[in-house]
Amino acid sequence: MSTIGQSIKIDKVSKFYGSFQALDHVSLEAKPGEFLTILGSSGSGKTTLLKIIAGFEACNDGQIIINDEDVAGKKSYERNIGMLFQNYALFPHMTVEENIAYPLKLRKVPKDKIKEQVAYIIKLIKLEGMEKRYPKQLSGGQQQRVALARAIVYNPPLLLLDEPLGALDKNLRQEMQFEIKRIQKELGITTISVTHDQEEALTMSDKICIMNHGVIQQCSSPEEIYKQPKNQFVAEFIGSTNLVNGTVVSKKLENDRIVTMVQTGLSKEPMRVEEPASYRKYNLKDIILAIRPELIHLMKERKGHTNSFKGKIINSVYMGDYVRAQVMIADGSTLNVKISPEAFRQYGGENELEFFFNPDCVTTIYEREKGVMLKTVD
């Protein structure tokens, strides 16, 4: 069994419920074999978008182009799309192999071919020996594997996942993240997944599209989403970050990099920010610095480091491999910082500590990028 994934392009799709606009000219694209995750909180519009792609809902405007064909006017069953739901939706009166074979029987596939396909898929999902079991005899993770097998057994080049891991506990969820990714890559199925789980999106995706109030806020690789958030919403939504207000003191070009000196409440001295020359083109005075907690370092015995500032630990929580600390800085505001347990044991009791961050570990967010449209639906 081999699959050649289809390309899919969502072009300016809008959806209204009466006078309420649920999706506002949403555009995104997945290449053949790519794993794309639509990430957003409840009410962001992500589930509405998935239903429109699947054909369960009709869009009011825009195109859904699968392999150069606009399928927006087609019925759900005409789109040949595999679908995995959060609740699995397995038939309780059917065995594992009967559940998996069901889509093939609907398509009137010959019996010998059904037997071959089902055997291959059961081996792929690592459930050999469980063919005759019923869903009630399976664990949650095993049920999900069966549901996934049923969704891909008829060789669909496009697979949709609706909160696929939401019903599993944390350890099993992490295991299944890798399993689904392995199967998806082995078959080459173009996959679009909807979730509100950031870790799931970062772990499984080739590309992440973050939605808020029916609008795509940013669509790029997990690393770019995390390291170069486009606006304040994305910076705050993905992981933990510190947002520091600042005023640009100077900006110049040095060796193909823009060096910006920014006055902040961290210290009396301006902070230095270095970014690729192609990254930020605005010349606005008021900006926000986004600094991840793990990129703020304790100076210990060093002095005079670039972007150094003083702070006092006012709260801390031991997290195993690091200590999450809340640090009060000069202007009375606080930052979240990650400190190694060893360093915290040695220096955590001191009244005042010195921290620093590297100039190229900061993302600048400009005021004009902060706004989002106030719409809500899921």
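Residues numbered from 1 in each chain as written. Predicted model: local features only at pLDDT ≥ 70, side-chain atom pairs only at ≥ 80, totals over all residues. Heavy atoms only, no water.

Novice: Would you take a moment to explain the state of the cysteines for this structure?
Specialist: Disulfides are covalent bonds that link the sulfur atoms of two cysteine residues. In this structure the tally under the stated criterion is one disulfide. For Cys 209, the disulfide goes to Cys 219, at an S-S distance of 1.9 Å. Residue Cys 209 is found in strand E9 (residues 207–212), and its partner Cys 219 is found in strand E10 (residues 215–220); the two are separated by ten residues along the sequence. With no disulfide of its own, Cys 59 has Cys 209 as its nearest cysteine by sulfur position, at a separation of 17 Å. (Disulfide = S-S within 2.5 Å. Helix = DSSP H or I, 4+ residues; strand = E, 2+ residues; numbered from the N terminus.)

Novice: Help me understand the pairing of strand E19 (residues 353–356), please; the structure alone is not making it clear to me.
Specialist: Side-chain positions along a regular strand alternate between the two faces of the sheet. Here E19 shows no split at all, with Leu 353 and Phe 355 on one side and Glu 354 and Phe 356 on the other all buried. Pairing of strand E15 (residues 297–298) with E19, which is carried by two bridges, proceeds in the antiparallel orientation. Paired with Leu 298 across the bridge in E19 is Phe 355. Bridge count between strand E16 (residues 308–318) and E19: four bridges; the pairing is antiparallel. (Buried < 20%, exposed > 50% of the residue type's maximum accessible area, 1.4 Å probe, protein only. Pairing = 2+ DSSP bridges.)

Novice: Just to check I follow, could you spell out the pattern of salt bridges for this structure?
Specialist: All chains considered together, the criterion is met by 19 salt bridges. A salt bridge links Glu 34 to Lys 207; its shortest N-O distance comes to 3.6 Å. Placement of Glu 34 in the loop between strand E2 (20–30) and strand E3 (35–39) and of Lys 207 in strand E9 is noted, with a sequence separation of 173 residues between them. Given the relative accessible area of 16%, Lys 207 is considered buried. Taking the shortest distance from any N to any O, the salt bridge between Asp 197 and Arg 173 comes out at 3.7 Å. Placement of Asp 197 in the loop between strand E8 (190–195) and helix H6 (198–204) and of Arg 173 in helix H5 (residues 170–187) is noted, with a sequence separation of 24 residues between them. Judged by relative accessible area, which is 18%, Asp 197 ranks as buried. (Salt bridge = Lys/Arg side-chain N within 4 Å of Asp/Glu carboxyl O.)

Novice: Even after reading the chapter, I still don't get the nonpolar core, so can you show me in this structure?
Specialist: In terms of nonpolar packing, the biggest core is built from 35 residues, with Ile 100, Ile 121, Ile 152 and Ile 180 touching the most fellow members. For this core, the secondary-structure elements that each account for two or more residues are helix H2 (96–106), helix H3 (111–124), helix H4 (140–152), strand E7 (158–162) and H5. When residues of this core are assigned to their parent elements, the largest contribution, six residues, is made by H4. (Core = buried A, V, L, I, M, F, W, Y, C linked by side-chain atoms within 4.5 Å.)

Novice: Just checking my understanding: could you explain the side chain of Thr 363 for this structure?
Specialist: Its location among the elements puts Thr 363 in strand E20 (residues 363–366). Classification of Thr 363 as buried rests on a relative accessible area of 5%. Within polar-contact distance, the side chain of Thr 363 engages the backbone oxygen of Lys 227 at 2.6 Å. (Polar contact = N/O pair within 3.5 Å; in protein donor to acceptor, adjacent residues only side chain to side chain.)

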